[in-house]
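Residues per chain, in single letters:
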Amino acid sequence: MPLTPLDIHNKEFTRGLRGYDQDEVNDFLDQVIKDFELVIREKKELKREVEDLQEKLGHFTNIEETLNKSILIAQQTAEELKGNATKESTLIIREAEKNADRIINEALEKSRRIEIDVEELKKQGKVFRTRLKMLVEAQLELVENKDWDQLLQLEEDDDEIEQAE
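Calculation notes
Residues numbered from 1 in each chain as written. Predicted model: local features only at pLDDT ≥ 70, side-chain atom pairs only at ≥ 80, totals over all residues. Heavy atoms only, no water. Helix = DSSP H or I, 4+ residues; strand = E, 2+ residues; numbered from the N terminus. Rg over C-alpha atoms; globule rule 2.2 N^0.38 Å. Buried < 20%, exposed > 50% of the residue type's maximum accessible area, 1.4 Å probe, protein only. Areas by Shrake-Rupley, 256 points an atom, 1.4 Å probe, with all protein chains shown as cover. Lys, Arg positive; Asp, Glu negative; His and termini not counted. Charge placed at Lys NZ, Arg CZ, Asp CG, Glu CD. Salt bridge = Lys/Arg side-chain N within 4 Å of Asp/Glu carboxyl O.

J.: Could you clarify how one ought to interpret the overall build of the chain in this entry?
T.: Across its full length, the chain carries 3 helices and 0 strands. In the chain, the succession of α and β elements from N to C terminus is α-α-α. By the compact-globule yardstick of 15 Å for 165 residues, the chain is too spread out, its C-alpha radius of gyration being 64 Å. Considering only C-alpha atoms, the chain reaches an extent of 210 × 30 × 20 Å along its principal axes. By the burial criterion, 2% of the 165 residues in the chain qualify as buried. Carbon together with sulfur atoms contributes 57% to the accessible area of the chain, which is approximately 16200 Å² in total. With 26 positive and 42 negative side-chain charges, the chain shows a separation of 15 Å between the mean positions of the two kinds.

Next up, the structure:
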């Protein structure tokens, strides 16, 4: 158990034949008591300061841990956002490529249908032209047919007969 200033103050020494000077010993002990009290007070103050500093250190350690966790969470969140953005951009590109392929395929199909329609119209135009030509030729044959001459001759004869009557 450590000595206290009171222990030093109350210490009694036995006297011997040639003992120390009592006043000198008492003065020295008074000085030791004062110094010892000062050391104890300083020790208590330092202990209080150490406790305060340890409490502050604990507080700052908690803040540091919280900040480190926050930084890690922020990094993870950033990585997740980056990954999600990459996935989303990949999906958008794939969707755009699918749409582009679909639009191109639709355009090609439409182009093929138009080509087929044009060919069909050309065939129909040729058929129509041939039929029209045949119709015009048939009509021209009718007009140039000798039956018309005979018919016109008969009508003239009928007109002459009627005039003669």
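J.: Got a minute to help me understand the pattern of salt bridges in this structure?
T.: Oppositely charged side chains can pair when the atoms bearing their charge come close. Throughout the structure, instances matching the rule amount to 3 salt bridges. The salt bridge partner of Glu106 is Arg102, with a shortest N-O separation of 3.2 Å. Here the residue Glu106 and the residue Arg102 both occupy positions in helix H2 (residues 22-144), the gap between them amounting to 4 residues, near one helical turn. Exposure remark for Arg102: the relative accessible area of 42% places this residue in the partly exposed category. Residue Glu109 pairs with Arg112 through a salt bridge whose shortest N-O separation is 3.7 Å. A residue pair is termed a helical-turn pair when its members lie 3 or 4 positions apart in one helix, as Glu109 and Arg112 do in helix H2 at 3 residues. Since its relative accessible area comes to 38%, Glu109 is described here as partly exposed. A relative accessible area of 46% places Arg112 in the partly exposed class.

Honestly, that's just the spatial picture; any functional story needs more than this.
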